[in-house]
Amino acid sequence: MKDDAGTMKQRMWKVGRRLSGIGGPTMRCIGLYLCLLLVGVTATNAMAATTMHPLTDGWRFRLLPGSSATKAHPAAAAWHDAHIPGSAQTDLLSAGLIADPFYRDNEASLQWIGLADWQYELAFDVDAATLRHGHVDLVLDGLDTFADVSLNDYPLLAADNMFRRWRVPVRQVLHAGSNTLQVTLHSPIARLQPWLLKQPYALPGEFDSTFGDEPKGKQTSNYVRKANYQYGWDWGPRYLTEGIWQPAHLESWDDLRLTDFHVAQQHVDADVAQLQAQFAIRADHPSKAQIQLTWTAPDGSHHDASQNASLKAGDNQIDLPLHIDHPQRWWPVGYGAPNMYHFHAIVVSSGQTIASIDRDTGLRSVELRRQRDHWGRSFEFVVNGVPIFAKGANLIPFDSFPERVTDARMLQILRSARDANMNMLRMWGGGHYQSDAFYAMADKLGLMIWQEFMFGGAITPYDAAFRENTRLEAVDQVLRLRDHPSIVLWCGNNEVQTSWESWDDRKKFAIDVGPVERARVEGGMKTLFGETLRGVVRKYSPDVPYWASSPSTDFEGPSNVPGDGDMHVWDVWSGSAPIEDYLKSTPRFQSEFGLQSMPVMSTIHAFAAPEDMSADSPVMRAHQKFDSGNGNQRLLLYIRKYYGEPKDFESFVYLSQVMQAEGIELASDHLRSSRPQNMGSLYWQLNDVWPGASWSSVDYFGRWKALQFHARRFYAPVRVAAIRQDSHTDVSVISDRTEPFDAQLRTRVMDVDGKVLSDHSVPLNVAALSSVRVTQSSDAALLRDADPHRTFAVFDVMAQGKSVSRQQLFFEPALSLQLPDPGLDAQINERGSDMVVTVRAKRFAREVWIDFGSLDVQVPDNAFDLLPGESVELKVTGSTDIDALRKALHVRSLFGATKSKDATP
């Protein structure tokens, strides 16, 4: 870099920084763009390099000198060790300067962290050999979020997007020996709020802060590309993280750099896979190169191909056609093996290997089929030509602090989904894009991923700079993730369109700003989600469908309608409607619906003290984010309606899980039995970001709630679904198997003491990929004058002499049933190296729950019914001894969980 050029860059940098510091997001982005343009920043997906120098160890951090937070928190103004990836919150916790953010009501006292500015610094050595390379780039995989980066006091970058990758050429700024990299992180609220308060209006957002740091209705989150959930959601806390949240490194290279490698799937069927290995190469000058590619099929066979290329100075695209006969295709779990091919490529120039790269991918075709029919228009995923009924849940981030998430923790959640017979997870748009490891796990487990771009529902700015920033983010993420076969849909956002059309605050906003501004806002959303993001997917991942919003009809009409597109159903819970209202509509694909519950008691003990153990205690309210802490009253509304008044706090916790599990089971059975009118059931939500009340079926610590055990049964490949409505019961047999099979439907009616009133079977030939209504019966026909308060029906699908699916049907709500003491007996015994718990019931036992208190052990089934005289044996897994298990074992059922009917609530 010549001195005159360097001087000009420094002058122009100052101009850009002035622009970045004034006005709205548009002016800041213009200033940032000018800065980045001048220092040569790119945001490409660098997949190989001559030399990689990690910049992860040796960081330190402090409050930015001069911060107003220093007076109240003087210890944070001194230098402390930092961790990369990380955040100010987790670094403060590691330094012992703050208490556990998740314990009791500590959340309120820690809001100052996200309102302050922070400084991170790293001293690192560079040797002369590194500087002899033609290029040395600083690569930052993720900065959260407003970050000024300087090297040896030379300003490099002003970042403003949590989801982008940043690359800066730094060879001329480095010197041999010690160098200093500094990152100053600015509070997103402190950065944006002064500007927002001067604007004529604030765009409608999501959840107002309960801590007073933002005026009601003046949310800054709409205007910054940062994970929405960190501003607080109705299932998680408000922790505005700041930090270097992804790895950083120096990358040194000469002459050529392989910037991307992608295996494009142009056509895949059972006979042939027509592929194209696509290489993006940046060259300093014209040269010759050879691409050498080898790949290993799932069966272990090896193949190769190569191609010579003439490179021009600048960016080059090299395409190598590939033809694979009879490909071993990737299949979703339950439909075949999730086969993966391994590709290895090298770039050779002048006899030397310049770059090498490895890529795993699965070969498959994906279609989002939308065909006109007598119900409207279908919405079904078709993989390799097979229509797939999507069974699963919505996935939110794994933690309020992403850096704390380990691969083991992600794998545990994904295995929980697979083990519950799920085949799809919707990656909700209010969080963040997951790591490469996450998608690789989903690939290998055969889990389909509905991948959203990161918009959680707030109305978006319409200026061009915001849209371009988002486009660059999308390019980064699509390039990074497009070779994962698990991704079967790219979706523009969560609930932006439907909120604009139907939420009261949006309607009022549209009136208040007038028709001209309303048209600008609405047009901006349609451009961003209907054109910009769609264009990125069409260009870089054309083999995967794009969907503009969830729920929507892809901007082809109104959103959230039952006859077209996907639908979010929230009359139940949010609208306090009865659970039976799930039966009132049959969407083409139900991508959200849910009921809350509490986590298990061992999880509650992790965040609460003994004095907090009541539904309405301050701490329990702090960990219940729905309706500003009032959500436990909604839980009690449903518990009281269907089960009665909980006997005590532990019974409240237990009954909340039973209510959630049985309610979602009813909804899912309705959806699955409606195939092919409905082709998807994704309940809200699979996991948690912290311990507390929520809609999850697996809590923050990975412990299964009753819903997760029920999901394993109601999402089973073969399911008998008995749905009672208006004193009539329809029984359907559902099969996700790809081949037909013979079976019997056995129907028994018995009383709670075990007396069998009727028992008969009918033969079945169950078709592949089907749902067939087998019987329709009135209550009178089933009961035959038996007492409906003490009588129930049992339906079994019998195949080869065994029950492959069972469901009990009750003629009265649990509140009105006369359930006897089931006489439960539980014993633990050693069977070789295994420990087995055996549970027996003398009389009918509903929703049997096995618990080991604080012991971290698991059983493979729970929240199940036992018929009179029936027993079950379950292997206990986990590290503990049998005496501790026996001491901790507690078994309960619905009997005795509520106060007697004549007791005062």
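These lines cover the structure that appears in this document, whether it is placed above or below.

Thresholds, definitions, all that
Residues numbered from 1 in each chain as written. Predicted model: local features only at pLDDT ≥ 70, side-chain atom pairs only at ≥ 80, totals over all residues. Heavy atoms only, no water. Salt bridge = Lys/Arg side-chain N within 4 Å of Asp/Glu carboxyl O. Helix = DSSP H or I, 4+ residues; strand = E, 2+ residues; numbered from the N terminus. Buried < 20%, exposed > 50% of the residue type's maximum accessible area, 1.4 Å probe, protein only. Pairing = 2+ DSSP bridges. Axes fitted to C-alpha atoms, helices over the stretch in contact; angles between N-to-C directions. Contact = heavy atoms within 4.5 Å. Core = buried A, V, L, I, M, F, W, Y, C linked by side-chain atoms within 4.5 Å. Expected span 1.5 Å × (residues − 1). Parallel < 35°, antiparallel > 145°, perpendicular 65-115°, else oblique. Left-handed = near helix turned anticlockwise from the far one by under 90°.

**What to know about the pattern of salt bridges**
- This structure, assessed with the given rule, holds 53 salt bridges.
- For the salt bridge of Asp137 with Arg167, the shortest nitrogen-to-oxygen distance reads 2.7 Å. Of this pair, Asp137 sits in strand S5 (residues 135–140) while Arg167 sits in strand S8 (residues 166–169), and the two are 30 residues apart along the sequence. Pair check on accessibility: Asp137 and Arg167 agree, each one buried.
- One salt bridge in this structure joins Asp581 and Lys584, with 3.4 Å as the shortest N-O distance.
- For Asp581, a relative accessible area of 21% puts it in the partly exposed group.
- Accessibility expressed as a relative area gives 65% for Lys584, which makes it exposed.

**Comments concerning the sheet that holds strand S44 (residues 871–876)**
- In space, the three strands of this open sheet follow the order S40-S41-S44, with antiparallel pairing throughout. With one partner strand each, in any of the chains shown, strand S40 (825–831) and S44 form the two edges of the open sheet. Between one strand axis and the next, the sheet turns through 25° on average, direction left out of account.
- Here seven bridges tie S40 to strand S41 (residues 834–840), and the two strands are oriented antiparallel to one another. When the sheet's bridge partners are listed, Ile828 is paired in S41 with Val837.

**Comments concerning unusual backbone geometry**
- Between Ile84 and the following residue, Pro85, the backbone shows a cis peptide bond with an omega angle of 0°.
- The residue after Trp684, namely Gln685, is reached through a cis peptide bond having omega 10°.
- Among the secondary structure elements, Gln685 is positioned in the loop between strand S32 (680–683) and helix H16 (706–714).
- With a phi angle near 60°, Phe555 is a residue other than glycine that sits in the positive phi range.
- Secondary-structure assignment places Phe555 in the loop between strand S29 (546–547) and strand S30 (567–568).
- Judged by relative accessible area, Phe555 falls into the partly exposed class, the value being 25%.
- Even without being a glycine, Arg784 presents a positive backbone phi close to 50°.
- Among the secondary structure elements, Arg784 is positioned in the loop between helix H17 (779–783) and strand S38 (791–799).

**As for the environment of Val653**
- Mapping Val653 onto the fold places it in helix H15 (residues 649–673).
- What makes Val653 buried here is its relative accessible area of 4%.
- In contact with Val653, other than residues within four places in its own chain, are Met598, Pro599, Met601 and Ile604.

**Quick look at the nonpolar core**
- Core analysis: the biggest nonpolar cluster contains 184 residues, and Trp118 and Tyr120 have the highest contact counts within it.
- Considering every element that reaches this core, the biggest residue donor is H15, with 12 residues.
- The next biggest cluster of nonpolar side chains, apart from the first, holds 30 residues, and it includes Leu258, Val263, Ala309 and Leu363.

**What about helix H7 (residues 407–419)?**
- When the terminal C-alpha atoms of H7 are compared, their 18 Å separation across 13 residues agrees well with the 18 Å that a helix rising 1.5 Å per residue should span.
- If you follow the buried residues of H7, they end up packed against strand S25 (390–395), strand S26 (424–427), helix H8 (436–445) and H16.
- A positive backbone phi angle near 65° is found at Asn421, which sits one or two residues after H7.

**Re the packing of H15 against H16**
- H16 packs onto H15 with a crossing angle of 25° between their chain directions and a minimal axis gap of 8 Å. As the angle between them shows, H15 and H16 are arranged roughly parallel. Like other packed secondary-structure pairs, H15 and H16 cross with a definite hand, here right-handed. Of H16, the residues touching H15 (which contributes Gln657, Gln660, Ala661, Glu662, Ile664, Glu665, Ser668, Asp669 and Arg672) are Ala706, Leu707, His710 and Phe714.

**Focus: the sheet that holds S38**
- Strands sit in the order S36-S35-S38-S39 across an open sheet of four strands; the sheet is antiparallel. Where the open sheet ends on each side, the last strands, each with one partner, are strand S36 (756–766) and strand S39 (802–810). Shown here is a sheet whose adjacent strand axes are inclined to one another by a mean of 20°, direction ignored.
- Strand direction decides the pairing type here: strand S35 (residues 741–751) and S38, joined by eight bridges, are antiparallel. Residue Arg746 lies in a different strand from S38, and its bridge partner there is Asp796.

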